[in-house]
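So the chains spell out like this:
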Amino acid sequence: MSDVTHDSGRTVDVTDAAGTIRDWVSSPVWATPCEDLDRFLALDGEPWGEGRWVLTNGPDVGPFKERLAAAHPIDEPAELPEIVEGGPVGWAVEGRAVSGTWRRRRTGWDGYVDWSAFCFTPEYRCAVAATVVEVDQAEWRTLEIATTGPFVLWLNGEVVLRGRTVSYMEPEVHRVRVRLPSRTSTIHVATWQVAFRECRHIVRLRVLGLPVRVVLPSPGADETAARLAGAVLETIASRSWAVEGTEGTLEAPPGVALRIRVSEGPWQHVVADDEGRVRYGLGEAEEMVDEGGDTERSAGASMLTSGESVVEVGVDDPRCPRTVALRVAVLPPGSRETAVGGPEQWRREVLAQVTGELAEEGIPRETGVASVLARHALDPATRVTADDVASALHRVVTRGDCADFEAVALVTAWRLVPAAQWDPGVRESVEEALTGLKYWITQPGLDAMCYFTENHQLVWHTAEHLVGSAFPDVAFAVDGRSGREHAAEGLVRAARWIERKLSGGFSEFDSNAYLAIDSYALVSLVELGEDEDLRAAATTLLDKILLTLTANSWRGIHGAAHGRSYVHTLRSSRYEETSPILRLIAGVGTLNDAVLPVTALALARRYEIPDVVRRIVSDPPPVWYGRQVYRGALAFERDLLARPYRSDVRVWRTPDVMLSSVQDYRAGLPGLQEHLWGATLGREAQVFVTHPANADTGSSARPNGWVGHRVLPRVHQERNALIHLQRFVDSDPARYTHLWLPLAQFDEHRVDGDWLLARRGDGYVAVATDGGLAPVTRGDVAFQEWRSASGGAAWVATVGSRAEDGSFDAWVERVLAGRLTWGAAGVDGPAVVWERSGEPDLALTFDGPFLVGGRPAGFVDGRPERDPHLDNPAVRLEFGQDEAIAAWGGATLRLPVGAAIAAADRAAERGAALAGAAVAGAALAGAGVAPAGGGPDGR
């Protein structure tokens, strides 16, 4: 007789409405360095066509990855590993035996088992997922698998499907018809990827047709108890992603016993109190890292960390193995919205943070080259040790992504710290690394370093120019050319880059990550460059950057629309890479670990932060309304794209609130990392809407659930109000948009009809969509994410303040007195007419004009306007205008744009001449080596 009293040893769930299996056990990722790329690509010669440019992970990398996949087939073992939660899993990868432990995974709403990672150096990746399905009657079913790379799918130990295609972010879908026998069937999926930086490594499986049970063998589990526990876990809520201090709070059904651990730490055993509150200790919460096999961290914050930790929660019963994973971020200290002291104190605070003098205040000491530079500034007798440069050298020697950032830091230390103050052998190691580095795609070598994003372009050119200048007579190992030739090539390319940005502006407009990197390279050129024209052009562009940064920020928060951004920087400005720069400029912002850019600015002697940019922050007017238009042309040889670009950013701010957006930016096209609009009322009180592409929030999904848009909406702003229209497409995995408005960061809120209205301090924000809004009430977005029952195809938003609009009650009354009409007769697609109380009416359809008071915006004298370049209360600059004066708070700044463009042109021509002379001189000496891939182009 069977014993019906024992635990069942399994958990049971059901496929979702789409047939998606959401419960799996998975292996770790087994990663192997790509050491055979030279079998497929030439190390030197022309990089284009079938050449090595594909390693940049550009839009055409798929076919090359498929060639690699064919040479590195997935192992198909005769005996598959047993599927048991917590049991061993073994495989063969690249000819070697690997092993790990099966770990339970429950997927997000998108259904993907996700091993995505950012990999600094190229690596082959293999991972396996497994599950068990159960049906009572044998039947034919269709299995649908979606992956971004090759896979092998087994059913009951037999291969039923293989896939060989590789995609970038959007998965490829494959189907196979199978017969599921009665009782249980095992499913194994082996996946493969090759990572060149951001690597989207995912798999999803659906069983089409009627639902099936998903059964995971788990020793000691009981399916009845586990199902009860699973229902409770579905209600767990974390009301604030942002956490200050060492204690976190969750919500759960009263009286439930829970086990909680943070970042793989020890389990904490707690019970929800009578009000459903659960408190747990964060302790030394370690940050969640989604990096590949090369986990050497870049000390100096070449890539800004997310600050996120994973909080794992389960019912405290051994029969209930399932847990939920919640993400929280322990906020960095050292943050201010109001300035204290003056410029010298702010500089001192920056240097103290980098050197570790603020450790007692909870701000950890930074290691790495930035710390060396800061220590040397405070104490000229500082020595450079091997530990100080180890991380930077590792990135450079391995040719890992962001090596360009570290190369600029290393050559800066080389130039500033006297040779006698370096420990034995350290300076020699730095010289060898810098003169062995590859500085552009045309130079020999196989690597996946990023050259072609806007910020990386300038940093590479800066690094090549400065390193070449530091070692003019050394033959660089990468191609045999002298440092003098490399310096000349870097000069040409940097000058042309600066010329383009002075003329038109940035494609990565107002990025709260990469504007800091641009500033880092420019100030390095000003401080260390030897060409006077290049320094003059770099100075003017840096002045312009800091002017727009301060104009488009609010209380140390870079709250503008962004061409590229990341989830954690939108949820908290304390993680913005531009935040420490604002702290240096005006005493507001956060001292986070993005230290290289701000350290370079703090140590500058030639460059002086203009007084006018400090005044723009310290002396805010009652109302600021500004406009910034950037435009230019992308070219394949530097951008991997060939088309024009344009952005039109609007900024409305008062001392209490800010609203910013970019107008009609590539509306209806696929998105990437854009942040198209947001209202800012505090460091963690940022309000915005996105169209989610998936459930991920990491940097390797672009777009993801909260940054970028799967399809870009159409947005238009008129002063303190805007309209957002979303056109959904048939392939959308999520046919909705969602709002981020974290209630924990606001003092009060109201929901009234279609409107959600909230106040923080004396700042107000209101958002409306057809059918109104309701908060998500569970998970780590509880009462932070809001959705509309109608899907959210149309939104309106407005901001106000006590000083401008009176009390919150009075402002709410005026907002609600307006009238919203969703949709329009005869119009296919989203539309809205917004009749506002006391303000011009606004109306927009997806394909029609933006109407303000019944008239189309953007017209002057009946014709489309000519865009200004900059137009705000401090400065107006037209495209092609030679000079402008920025003035604010009694301070002025001259922007000699025309003269700077001419200086950049002279520098580029001089560099080209120097490059030619260097090659000719070397040839005459009998040691000439022609530049790989031709001479410097730069344009």
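All values derive from a computational prediction rather than experimental measurement.

## Concerning the domain arrangement of the protein
1) Next: As assigned here, the protein comprises domain 1 (10-219) and domain 2 (224-330).
2) Next: A straight line from the C-alpha centre of domain 1 to that of domain 2 covers 27 Å.
3) Next: Contact with domain 1, which involves 17 residues of that partner, is made by 14 residues of domain 2.
4) Next: Buried surface at the junction of domain 1 and domain 2, summed over both partners, amounts to about 1200 Å²; 52% is from carbon and sulfur atoms.
5) Next: Looking at the side of domain 1 facing domain 2, the largest losses of area belong to Arg103, Phe118 and Phe120, adding up to 39% of the total buried there.
6) Next: In this structure, Arg103 engages Glu264 in a salt bridge whose closest nitrogen and oxygen atoms are separated by 3.1 Å.
7) Next: Contributing elements (two or more residues each) for the side of domain 1 that touches domain 2: β1 (10-14), β6 (103-106) and β8 (117-135).
8) Next: No other element matches the 7 residues that β8 contributes to the side of domain 1 that touches domain 2.
9) Next: For the side of domain 1 that touches domain 2, the class distribution of residues is 6 nonpolar, 4 polar and 7 charged.

## What to know about unusual backbone geometry
1) Next: Look at the link from Arg702 to Pro703: it is a cis peptide, with omega at 0 degrees.
2) Next: Among the secondary structure elements, Pro703 is positioned in the loop between β29 (686-690) and β30 (714-718).
3) Next: Positioned with a positive phi, Arg197 is a non-glycine residue whose angle comes to about 70 degrees.
4) Next: Judged by its relative accessible area of 7%, Arg197 falls in the buried class.
5) Next: Phi is positive for Arg555, which is not a glycine, with a value near 55 degrees.

## Quick look at the packing of aromatic side chains
1) Next: Taken as a whole and judged by the stated rule, the model has 30 aromatic pairs.
2) Next: Centre to centre, the rings of Trp241 and Tyr575 are 6.2 Å apart; their planes meet at 70 degrees, and the pair counts as edge-to-face. Of the two residues, Trp241 is situated in the loop between α2 (223-233) and β16 (242-243) and Tyr575 in the loop between α12 (567-571) and α13 (579-586); the sequence distance between them amounts to 334 residues. We note that Trp241, like Tyr575, is buried.
3) Next: Seen in terms of ring centroids, Tyr764 and Phe808 are 5.2 Å apart; in terms of plane orientation they differ by 55 degrees. Their pairing is tilted. Of this pair, Tyr764 sits in strand β35 (residues 763-769) while Phe808 sits in helix α18 (residues 808-817), placing them 44 residues apart in sequence.
4) Next: Using a relative accessible area of 3% as the deciding quantity, one classes Phe808 as buried.
5) Next: Geometry around Phe120 places Arg395 over its ring, the cationic atom sitting 3.8 Å from the centre.

Criteria and thresholds
- Residues numbered from 1 in each chain as written.
- Predicted model: local features only at pLDDT ≥ 70, side-chain atom pairs only at ≥ 80, totals over all residues.
- Heavy atoms only, no water.
- Domains from an automatic or database assignment.
- Contact = heavy atoms within 4.5 Å.
- Buried area = accessible area lost by both parts, 1.4 Å probe.
- Salt bridge = Lys/Arg side-chain N within 4 Å of Asp/Glu carboxyl O.
- Helix = DSSP H or I, 4+ residues; strand = E, 2+ residues; numbered from the N terminus.
- Nonpolar A, V, L, I, M, F, W, Y, C, P; charged D, E, K, R; others polar.
- Buried < 20%, exposed > 50% of the residue type's maximum accessible area, 1.4 Å probe, protein only.
- Phe/Tyr/Trp six-rings, centres within 6.5 Å; stacked < 30°, edge-to-face > 60°.
- Lys NZ or Arg CZ within 6 Å of the ring centre and 35° of its normal.

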